[in-house]
Each structure stands twice: as C-alpha cells, then as structure tokens.
Amino acid sequence: MSADLLGTIVAATRRIIEVREQAVPLSLLRERVTRPGVTPAAAGGRFLGALSRSGRLNVIAECKRRSPSRGVLRADYHPATIAAGYAAAGAAAISVLTEPTFFDGSLEHLAAVRAAVDVPILRKDFIVSEYQILEAKDAGADAVLLIVAALAPAALKRLAAQAAALGMDALVEVHDADELTTAIECGARIIGVNNRNLRTLEVDVKASERLIALIPGDVVAVSESGLRTADDLLRLRQRGYGAFLIGERLMTLPDPGRGLQELLAGVPCS
C-alpha cells in the first residue's frame, strides 16, 4: 500500500464514483434527491444542532466494520443494531462509514441505520464530488464529512455549499494549523480535528490540544480519533471541544452501545 494512504483512498474513491455514475447518472440522482416527497428530508442543521447541545456530552458514535490501521474490527457487523444501541445510550449523532475498499462500508449500511434511528447521521467517507453528496442525501444522511487534506479549497467550498443546499451540514476535518486556516476561510461551522494523520495513520491526541486555541468560538469543535477514556473527553471539553467522534474504541467492545453508555456515565454533564 502507498505510504500516502489518503491519496490511495481518494484515487480509489474517484474510480468507484465513475462506476456508480455509469449505473445511475448524476442527473438522474439529482432529480431523485431534489424532487419533493421522494426521499426523507433531513432538516437543515440537525447535525449542527445535536453537536451544539449544552449541558450534555455530545458524542458522534461510529459504525465501521474495518479500519486500515487495525483490520477487521467486527466480523459480525450489523450497523442498524449497533446504531440503535448508540441512540439508546445517548449518542448525539451517529457516523456511518460508507467507504467500501478500505473500511468495508456501503451506502446500504447508512440507509439501514437511518431506518433504525432518529438521531442525526453523518456519512463518513472520502467525499470528492457532488455525486457522493447526493448519494448521502438519498440514503438519509444529515451531514457529510469533508476532509481538507483531500480537497482543494475551491472544491471544499463548493461541496460544503452543495451539502447546505440539500439541507445537510458538513463536518470539515483538519489535522494541522494550515488545514484549519483553510477550513475557517471556507466558512466551516463544524470543524473536526482528526488526531490520526490520514497519510501515515499515526495518532497524536495532542493535535486536538494544539489546535483548539485557533478555532473560532462560534464554530463547533469536534475532536476525532484516539479518544479512549472519560478523562480524555473531560480534558478536551474543558479546553473548548463541543463534541467527540469515537469509533474503534467502541467497535471493538462486545456491546458498543453499552460501552458508550459507560463512557458517558464517567463524564459529568456540566
């Protein structure tokens, strides 16, 4: 595998989109998604609102079967069941991996989760085109992930605007100060600091600690990856993070929903 994992995944993603567009053209997908009453409408800002709750610990709990760094996390993978457990435990939102080649994800997983829960859903993927945003809307997502390292600034701004036009939020992901500047200049309202370097897979939770001072106060800051204990969440919340994305730590437990419940119980609500 290439040392630049992100570049490898993005290249694979572009090829996958080409194949999908041959089966369902962009114009047809756009018509299907934008025609009133055809698909469940995600109210604009639901995801942002869920992450902005005060007096509660806002966790985006993740459904994913596999990761490039650890391989298969859960051989017996039923995303709808896992999501229902997360929702019952108090997840603010649920992230669903839909990337097929490196994470064993699919849009069908997202649609199944949408049918199982009412909480906001994030499509976690390597979004590089309008086609994927339309797919996300069609499957019932409330938000999409936009990774600054994978996109030119103009593309980032365009994709965020396309998501907003469909009533969806964008979680704009950064890893360093330069990427954070790009996210801010593009008008991001939700910025996620990924403690995992997507090019090397190395995890450094201090990335969140370093960048929080540079995130504007009117932006919801999300810390992602490498968060394992209630103390991790409490420390970062005190520094200014409004939400936390947690995946592998929960997915490797016998009961992910119970794991989330126990994690939330370990952090005071105010």
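Predicted, not measured: the structure shown is a model, and the values here were computed from it.

(A) A look at the pattern of salt bridges. The full count for this structure, using the stated rule, is 17 salt bridges. Between arginine 235 and glutamate 209 there is a salt bridge whose closest N-O contact spans 2.8 Å. With arginine 235 in helix H11 (residues 230–239) and glutamate 209 in helix H10 (residues 206–211), this pair connects stretches of sequence that are 26 residues apart. Note on glutamate 209: relative accessible area 18%, which makes it buried. The network of salt bridges with shared partners includes Glu62, Lys64, Arg70, Lys124, Arg196 and Glu248.

(B) Examining the environment of tyrosine 131 more closely. Within the element layout of this structure, tyrosine 131 appears in helix H7 (residues 130–139). Once the C-alpha coordinates of tyrosine 131 and alanine 50 are considered, the two residues, 81 residues apart in sequence, prove to be 26 Å apart. Filtering out sequence-adjacent residues up to four positions away, tyrosine 131 remains in contact with Ile17, Arg20, Glu21, Val24, Pro25, Leu26 and Leu29.

(C) Molecular detail of unusual backbone geometry. Unusually for a residue other than glycine, aspartate 104 sits at a positive phi of about 55°. Taking the relative accessible area as the measure of exposure, aspartate 104 reaches 25% and is therefore partly exposed.

(D) Representation of the confidence of the model for the protein in the model. Chain-level statistics for the protein give a pLDDT mean of 91 and a share of 94% at 70 or above. Low pLDDT (under 50) marks residues 38–43, which in the prediction has eleven contacts with non-local residues, meaning those over four places away or in another chain.

(E) Representation of the pairing of strand E10 (residues 243–246) in the model. Of the two faces of E10, the one lined by Ala243 and Leu245 and the one lined by Phe244 and Ile246 are each fully buried. Sheet topology places strand E1 (residues 59–63) next to E10; three bridges connect them, and they run parallel. From the neighbouring strand, isoleucine 60 faces E10, where its bridge partner is leucine 245. Sheet analysis places strand E9 (residues 220–224) next to E10, joined by three bridges and oriented parallel. Bridge pairing links valine 222 to alanine 243 in E10. This β-α-β element, E9 to H11 to E10, shows right-handed connectivity.

(F) View of the packing of helix H1 (residues 5–23) against H7. Packing of H1 against H7 leaves a shortest axis separation of 10 Å and a crossing angle of 65°. With respect to their mutual orientation, H1 and H7 come out roughly perpendicular. Considering only the axes of H1 and H7, their crossing is left-handed. Counted together, Thr13, Ile17, Arg20 and Glu21 of H1 and Tyr131, Gln132 and Glu135 of H7 form the full contact between these two elements. Across the contact of H1 with H7, the residue classes break down as two nonpolar, two polar and three charged.

(G) Inspection of the side chain of glutamate 173 at higher detail. Mapped onto the secondary structure, glutamate 173 falls in strand E7 (residues 169–174). For the buried residue glutamate 173, which engages in no salt bridge, the nearest side chain bearing the opposite charge is lysine 124, 5.3 Å off. At 3.0 Å, the side chain of glutamate 173 forms a polar contact with the side chain of asparagine 194. Contacts of glutamate 173, omitting those with residues within four sequence positions, involve Lys124, Leu145, Leu146, Ile147, Val148, Gly192, Asn194, Leu198 and Glu224.

How each quantity is defined
Residues numbered from 1 in each chain as written. Predicted model: local features only at pLDDT ≥ 70, side-chain atom pairs only at ≥ 80, totals over all residues. Heavy atoms only, no water. Salt bridge = Lys/Arg side-chain N within 4 Å of Asp/Glu carboxyl O. Helix = DSSP H or I, 4+ residues; strand = E, 2+ residues; numbered from the N terminus. Buried < 20%, exposed > 50% of the residue type's maximum accessible area, 1.4 Å probe, protein only. Contact = heavy atoms within 4.5 Å. pLDDT = per-residue confidence, 0-100. Pairing = 2+ DSSP bridges. Right-handed = clockwise from strand over helix to strand, strands pointing away. Axes fitted to C-alpha atoms, helices over the stretch in contact; angles between N-to-C directions. Parallel < 35°, antiparallel > 145°, perpendicular 65-115°, else oblique. Left-handed = near helix turned anticlockwise from the far one by under 90°. Nonpolar A, V, L, I, M, F, W, Y, C, P; charged D, E, K, R; others polar. Lys, Arg positive; Asp, Glu negative; His and termini not counted. Polar contact = N/O pair within 3.5 Å; in protein donor to acceptor, adjacent residues only side chain to side chain.

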